[in-house]
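Examining the three-dimensional arrangement
Residue strings, one per chain:
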Amino acid sequence: MAWIVLVLSGVLEAGWALSLKASDGFTKLWPSVLFVVLLVASMGGLAWALKTLPVGVAYGVWVGIGAAVTAVLAIFVFHEPVSVLKIVSLLLIIAGVVGLNLSSSAH
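Analysis parameters
Residues numbered from 1 in each chain as written. Predicted model: local features only at pLDDT ≥ 70, side-chain atom pairs only at ≥ 80, totals over all residues. Heavy atoms only, no water. Phe/Tyr/Trp six-rings, centres within 6.5 Å; stacked < 30°, edge-to-face > 60°. Helix = DSSP H or I, 4+ residues; strand = E, 2+ residues; numbered from the N terminus. Buried < 20%, exposed > 50% of the residue type's maximum accessible area, 1.4 Å probe, protein only. Lys NZ or Arg CZ within 6 Å of the ring centre and 35° of its normal. Axes fitted to C-alpha atoms, helices over the stretch in contact; angles between N-to-C directions. Parallel < 35°, antiparallel > 145°, perpendicular 65-115°, else oblique. Left-handed = near helix turned anticlockwise from the far one by under 90°. Contact = heavy atoms within 4.5 Å. Nonpolar A, V, L, I, M, F, W, Y, C, P; charged D, E, K, R; others polar. Expected span 1.5 Å × (residues − 1). Polar contact = N/O pair within 3.5 Å; in protein donor to acceptor, adjacent residues only side chain to side chain.

Taken as a whole, this structure holds 3 aromatic pairs when the rule is applied. Centroid distance W16 to F35: 5.8 Å. Interplanar angle 80 degrees. Geometry classified as edge-to-face. With W16 in helix α1 (residues 2-22) and F35 in helix α2 (residues 29-49), this pair connects stretches of sequence that are 19 residues apart. The pair formed by W16 and F35 is uniform in burial state, with each residue classed as buried. Grouping aromatic residues by their ring pairs yields a cluster made of W16, F26 and F35. For the cation-ring pair, K21 lies above F78, with the distance from its terminal atom to the ring centre recorded as 6.0 Å.

Turning next to the packing of α2 against helix α3 (residues 55-77). Pairs of packed helices are described in terms of their axes, by the angle between the two and the distance that separates them. Running from amino to carboxyl end, α2 crosses α3 at an angle of 155 degrees, the nearest separation of the two axes being 10 Å. Taken together, the axes of α2 and α3 lie roughly antiparallel to each other. Handedness of the crossing formed by α2 with α3: right-handed. Note on element contacts: α3 touches α2 through A58, Y59 and W62, opposite S42, M43 and L46. Of the residues that constitute the contact of α2 with α3, the class distribution is 5 nonpolar, 1 polar and no charged.

Helical periodicity: at 3.6 residues per turn, an α-helix aligns residues three or four positions apart in one direction. Between its terminal C-alpha atoms α1 stretches 30 Å, which fits the 30 Å expected from 21 residues at 1.5 Å a residue. If you check which residues of α1 are buried, you get A2, V5, L6, S9, G10, E13, A14, G15, W16, L18 and S19. The inward-facing, buried residues of α1 contact α2 and α3. At the exit of α1 stands D24, carrying a positive phi of roughly 55 degrees.

This paragraph deals with the side chain of S9. Among the secondary structure elements, S9 is positioned in helix α1. Residue classification places S9 among the buried positions, given a relative accessible area of 2%. Within the structure, the side chain of S9 is placed 3.5 Å from the backbone nitrogen of L46, a separation counted as a polar contact. Excluding residues within four positions of it along the chain, S9 makes contact with A41, S42, G45, L46 and W62.

In C-alpha cells, the structure reads:
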C-alpha cells in the first residue's frame, strides 16, 4: 500500500509543479490554490509512505516520478520543446526509479 501512495504522491508532485507554473508567480488565484492543495497532499502521501519505506529509495522514487511526469506534461500543457536529449534524459530518470525499486526489494 505504501508504494501505491508513494506513486500517487509523485504524480501529485507533478500537479503542484505545473500549478506553480500556471500561477504565474502566485499572481493567479486558482492555480495558486491548486498548488497549495496538491503540495500538501503530495507531501502528506510521501510522509505516510516514509513510515514503512526507506527514505533514500522513497524520496528518489517520489522525485523521479514527479520530475518525469512534470516534464512530459509540460510538453503538452505548456508546449515546451522536445528533443532527443530530453527524451533520453526522461528515460534515464525512469530507469533510475526502476533501479531504486529493484534495490529496495533485494533486501
